[in-house]
Amino acid sequence: MAIATINPATGETLQTFEPLSDDAVEERIARAAAAFGSYRLTSPRQRAGWLRAAADVLDADAKSVAELMTTEMGKTLASAQAEVGKCAKGLRYYAEHGEQMLQPQPADAAAVGATEAYVVHQPLGVVLAVMPWNFPMWQAIRFAAPALMAGNVGLLKHASNVPQTALYLEELFRKAGFPDDVFQTLLIGSGAVERVLRDDRVVAATLTGSNAAGQAVATVAGDALKKTVLELGGSDPFIVMPSADLDRAAEVAVTARCQNNGQSCIAAKRFFVHADVAEEFTRLFAEKLAALTVGDPMDEGTQVGPLATESGVEEVEGYVRDAVEKGATVVVGGKRVDRPGWFYEPTLVTDVTPEMGIWSEEVFGPVAALHTVADLDEAIRLANEHVYGLGSNLWSEDQGERLRFIRDIQSGMAFVNGMTTSYPELPFGGVKQSGYGRELTELGMYEFCNAKTVWIGPPSSQQGEGNTAAAASE
Ligand SMILES: O=CCCCC(=O)O
């Protein structure tokens, strides 16, 4: 895939970029490694100040950055603006809480025969971040804010269709006053990732993206014995039980499925609805999907814009065609929008069965697959049959059902009477083929830290006395 800005609302190529040469990549890795040498010695307080400054820069640049994202990958301007706001919030969250997270954590010194024992979290070094286009700012910030707060240095290989957003991210950290080369963007194709990852100066990698990309990165990282965090695909279940507020559930179902033009790993994709309320919920859901305004993502009134790539819309078309051929019913939508660009109608498909790709794969577009179930056990069993286990959603007023759902659903995140959403204050990540590791909170920060055990024995003389944990936190 060429490195280029192509407007998904028109299909027009606006700008293309030459990938970095091997020499340029080498130079940037060298600069990152050199930057780590001194950046790791900066204090958490200094880093918090730079993160705060980055949030302020982002606030100031919000309008142009939002327009840039909409131009490059087609999300509505409103959702691009919300994404920028969320990034500023994420940066401020780590600025506010990062210092505390990096305090040495005392252990029971007496139990291990020490005068002092504690764990200190130290940065690992240069971390490669391979990021996708769907939330082109947030996915990168979700990695960068905790990683830089901990003292790591970042190299970003962004998706090839968001090069200008990728370049802006490098500029953002520079404008915020971070030391040179602490965060660099590498404009490279995916074929160049292996070389970067195998470089001894690059110590770890994080990837958000497809399972194929995750497998490729994990294979190389495994071979080179490097730490990885993977946030991969999802086909989140959305279960509706008879006690639910059906109108509210249908309203949130529309957002959960069509957010970001249907292109989110945590979008609800499979809807399991109890037979007693299936007819009513289907009607409400279909009505609300049909009422969405599809159009130019730059227009204020637009709720669903185009898919980001031509291959993306072709794939979605293929899934719906396959489902219909195998007996599914299209209740609403079901085809491309007749206009230039890569638009697909918000769609509801019922009578889905396990032979259909729409059931077993991740559909990255505004297409909901609905299946009627006899009870919660059946819903959870079918939900768990999927290879993915990222987010999950239950709508129920019944406490017993909620507890069963939380206990039995195989997912990294369980949301009750709401849709799966990422918050800096909550861990984010999945199980099974949805990946491993966690982002956000202190868990996300510690993924790229050396949790170093410190044990200090009794002093052999008065000279060895003094509290090292207190000194280590300064
Ligand atoms: O494709 C993954 C989307 C994650 C969005 C988020 O972190 O909110």
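Being a predicted model, the structure only gives us computed values, none of them experimental.

Draft legend 1. The arrangement of unusual backbone geometry in detail. Of note in this structure, D181 is not a glycine but carries a positive phi near 70°. Position of D181 among the secondary structure elements: in the loop between α5 (163-175) and β7 (183-185). Residue K432 is not a glycine yet carries a positive backbone phi of 55°. Its place among the elements puts K432 in strand β18 (residues 431-432).

Draft legend 2. Here's a closer look at the site of the ligand. Close to the ligand lie K86, N134, F135, W138, Q139, R142, E231, S264, C265, I266, S422 and F428. N134 places a side-chain nitrogen or oxygen 2.8 Å from an oxygen atom of the ligand. For the ligand, the accessible surface in isolation is 270 Å², of which the surrounding protein chains cover 96%. The greatest single-element share of the shell around the ligand, amounting to 3 residues, is contributed by helix α4 (residues 138-149). A per-class count over the shell around the ligand returns 5 nonpolar, 4 polar and 3 charged. Residue assignment places the shell around the ligand across two domains, with domain 1 (4-232 + 430-454) and domain 2 (236-416) each supplying three or more.

Draft legend 3. The sheet that holds strand β13 (residues 347-350), seen in detail. Strand order across the open sheet formed by 7 strands is β12-β13-β14-β11-β10-β16-β17, with mixed pairing between neighbours. A single partner strand is all that each edge strand has here, and the edge strands are β12 (329-332) and β17 (415-416). Direction of pairing for β12 relative to β13: antiparallel, over a ladder of 3 bridges. Each bridged residue has a counterpart across the sheet, and for V332 the counterpart in β13 is L348. Helix-sheet contacts for helix α9 (residues 275-290) involve β10 (236-240), β11 (268-274), β12, β13 and β14 (367-373), and the interaxial angle to β11 is about 140°.

Draft legend 4. The domain arrangement of the chain, seen in detail. By domain assignment, the chain separates into domain 1 (4-232 + 430-454) and domain 2 (236-416). Across the contact, 27 residues belong to domain 1 and 29 residues belong to domain 2. Across the domain 1/domain 2 interface, buried area totals approximately 2200 Å², and carbon plus sulfur atoms make up 60% of it. Here domain 1 and domain 2 share 0 salt bridges between them. Counting every contact that joins domain 1 to domain 2 gives 14 residue pairs in polar contact (both at pLDDT 80 or more). Among the secondary structure elements, those contributing two or more residues to the side of domain 1 that touches domain 2 are β1 (4-7), α2 (44-73) and β18. The element contributing the most residues to the side of domain 1 that touches domain 2 is α2, with 4 residues.

Draft legend 5. Structural view of the UniProt feature "domain: Aldehyde dehydrogenase" (unreviewed entry) in the chain. Mapped onto this numbering, the UniProt entry gives "domain: Aldehyde dehydrogenase" (unreviewed entry) at residues 3-454. Helix makes up 42% of residues 3-454 and strand 19%, with an end-to-end C-alpha separation of 46 Å.

Draft legend 6. Inspection of the packing of α4 against α5 at higher detail. Running from amino to carboxyl end, α4 crosses α5 at an angle of 30°, the nearest separation of the two axes being 12 Å. For the element pair α4 / α5, the angle class is roughly parallel. The two elements α4 and α5 meet at a crossing, and its hand is right-handed. Contact residues: α4 offers A140, I141, A144 and L148, while α5 offers L169, L172 and F173. Taken together, the residues of the contact of α4 with α5 break down into 7 nonpolar, no polar and no charged.

Draft legend 7. Structural view of the sheet that holds strand β9 (residues 227-231). Taken together, 6 strands build an open sheet; the order of strands is β7-β6-β5-β8-β9-β19 and the sheet is mixed. Since the sheet does not close on itself, it has two edges, and those belong to β7 and β19 (435-436), each with one partner. Examined bridge by bridge, β9 and β19 share 2 bridges and lie antiparallel to one another. Residue pairing for β19: L230 is matched across the bridge by Y436. Where α4 meets the sheet, it contacts β5 (126-130), β6 (153-157), β7, β8 (202-208) and β9, and its direction lies at approximately 165° from that of β6.

So, how was this worked out
- Residues numbered from 1 in each chain as written.
- Predicted model: local features only at pLDDT ≥ 70, side-chain atom pairs only at ≥ 80, totals over all residues.
- Heavy atoms only, no water.
- Helix = DSSP H or I, 4+ residues; strand = E, 2+ residues; numbered from the N terminus.
- Near = heavy atom within 4 Å.
- Polar contact = N/O pair within 3.5 Å; in protein donor to acceptor, adjacent residues only side chain to side chain.
- Areas by Shrake-Rupley, 256 points an atom, 1.4 Å probe, with all protein chains shown as cover.
- Nonpolar A, V, L, I, M, F, W, Y, C, P; charged D, E, K, R; others polar.
- Domains from an automatic or database assignment.
- Pairing = 2+ DSSP bridges.
- Contact = heavy atoms within 4.5 Å.
- Axes fitted to C-alpha atoms, helices over the stretch in contact; angles between N-to-C directions.
- Buried area = accessible area lost by both parts, 1.4 Å probe.
- Salt bridge = Lys/Arg side-chain N within 4 Å of Asp/Glu carboxyl O.
- UniProt positions renumbered as here; feature names shortened; annotations may be inferred.
- Parallel < 35°, antiparallel > 145°, perpendicular 65-115°, else oblique.
- Left-handed = near helix turned anticlockwise from the far one by under 90°.

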